[in-house]
Amino acid sequence: MNTSSTQPYRLPTNNISIKVLAEGAANVIYQITVHSRSREVAETETNKDYDDLEYLTGKLLRLRKDVPSTAPTSESHQRWLGYILPLFQPEQLVTQELVYIGHLNVIPGLNTDLRRFDNPGGTSTSNHLAPPPKGKFYRSRAQSGTFLAKDDFGLLVTDMAPKKSAQETVVEFKPKWLSTSREIPPKAIRCRTCALHARTPRGSWGREKKYRSSILSLPAQPC
C-alpha cells in the first residue's frame, strides 16, 4: 500500500478499458482490462509504459457516487491513512490507494452509461467503459437515479475475486453485523441482510420494491 506523500498513480489515458462490475449505495466498482496487444507494444517501447499497465494487474477501480454519505475521495483516503491504517498490521489489510483520474474527464461518460444501465436493454458507447455481457449487469431500482460524483480521484483496490484454479473461497464479513439496529423489533432474530434475503423471492433481489417492507418482523430461524 502506498502511504507516502508522493504523487498518486495516474490512470493511463490509452490501452485500457473499464466496465461496471458491481454497485453499492455509495460507490461503483469497475473492472480494469489492459488490452493484450497494448501490453506487448508497451513492453517493447519503454519500461515506464509497461510498468504503468502492469501496475493495474489484480486491481479494481472504485469511484464514489454523488450522495450525502460520501466525501471527496482524497479526504476519505487521508482519514483511512490517519485513523484506520495504524490499527492493523500490513498483512491484515487489503491494499487500496489513491488514483488520479482528473486528466481523463470520464465521469460524464460513465454517468451516461449508468443512465443506460437503468434500462437493461441499454448499451454503452463510452470510450472508457466497455459494456458488460448482456444479462450480467443492470442497475437495481434502489440504485437507479444515483450517479458518480465529479471527483478527480478514485481508489485502486485489490481484486478479491476467488481464483477457481487455486480453489480459493472469499468470506464477506462486516463489523456492523455484530450489532443489530436500534430500529428492529425487540424479538427479531435475524440481521437486516438475512431478513431481506428471506423476504425476497429467489431471483428478485433488488428488483421489486414491494418486497422491501416489513423485512425485520419475520418469524424465522436465527442467522
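Rules of the game
Residue numbering note: each chain is counted from 1, following its sequence as written. Confidence filtering applies because this is a predicted model: local features only for residues at pLDDT of at least 70, side-chain atom pairs given and counted only at 80 or more, and all residues used for totals across whole chains, interfaces and linings. Only heavy atoms go into the side-chain values, all of them from the structure, while hydrogens and water stay out. Every helix listed is a DSSP run of H or I at least four residues long, and every strand listed is a run of E at least two residues long, numbered separately from the N terminus. For each structure, a 1 Å grid was placed over the protein atoms alone; sets of points admitting a 1.4 Å probe that cannot get out are labelled cavities, open sets with protein on both sides within 12 Å along at least five of seven lines are labelled pockets, and lining residues have an atom within 4 Å of a point. Grid points are joined across faces, edges and corners, and a volume is the space filled by probe spheres set on the points. Residue type decides the class: Asp, Glu, Lys and Arg count as charged, Ala, Val, Leu, Ile, Met, Phe, Trp, Tyr, Cys and Pro as nonpolar, and the leftover types, Gly among them, as polar. Paired strands, as defined in this entry, are two strands with at least two bridges between them according to DSSP. Contact criterion: two residues are considered in contact whenever any of their non-hydrogen atoms come within 4.5 Å of each other. Axes, fitted as lines to C-alpha atoms, cover a helix only where it is in contact. Angles between the N-to-C directions of the axes lie from 0 to 180 degrees. Nonpolar side chains (Val, Leu, Ile, Met, Phe, Trp, Tyr) are joined into patches within 5 Å and like charges within 9 Å, using only residues with over 30% relative accessible area and no salt bridge. Methods summary: accessible areas were calculated by the Shrake-Rupley approach with a probe of 1.4 Å, and residue burial reflects only the protein chains presented. Salt bridge, as used here: a side-chain nitrogen of Lys or Arg that lies within 4 Å of a carboxyl oxygen of Asp or Glu.

Quick look at unusual backbone geometry now. Here the phi dihedral of Asn-15 falls at roughly 70°; this positive angle occurs in a residue that is not glycine. Looking at where Asn-15 falls in the secondary structure, it is placed in the loop between strand 1 (9-10) and strand 2 (16-23). A positive phi angle, close to 50°, is found at Asn-105, a residue other than glycine. With respect to the element layout, Asn-105 can be found in the loop between strand 5 (96-100) and helix 4 (107-117).

Here we take up the layout of surface pockets. Roughly 300 Å³ of volume is contained in the second largest pocket. Of all the elements in the fold, those that place two or more residues in the lining of the second largest pocket are strand 4 (59-64) and helix 3 (73-84). Considering each element in turn, the lining of the second largest pocket owes the most residues, four residues, to helix 3. Considered class by class, the residues forming the lining of the second largest pocket number five nonpolar, seven polar and two charged.

It is worth spelling out the sheet that holds strand 4 at this point. As summarised here, the arrangement of the six strands in space is 1-5-6-4-3-2, forming an open sheet in which the pairing is mixed. Lying at the two open borders of the sheet, with one neighbouring strand each, are strand 1 and strand 2. Looking at chain direction, strand 1 and strand 5 are connected through two bridges and run parallel. In the sheet register, Tyr-9 faces strand 5, and the bridge partner there is Val-99. Against the sheet, helix 3 engages strand 4, strand 5 and strand 6 (153-158), with an angle of about 155° to strand 5.

Turning next to a nonpolar patch on the surface. Together, Tyr-83, Ile-84, Leu-87 and Phe-88 make up a nonpolar patch on the protein surface, roughly 450 Å² of accessible area in all. Here Ile-84 lies in helix 3.

Everything listed is a geometric property; what it means functionally is a separate question.
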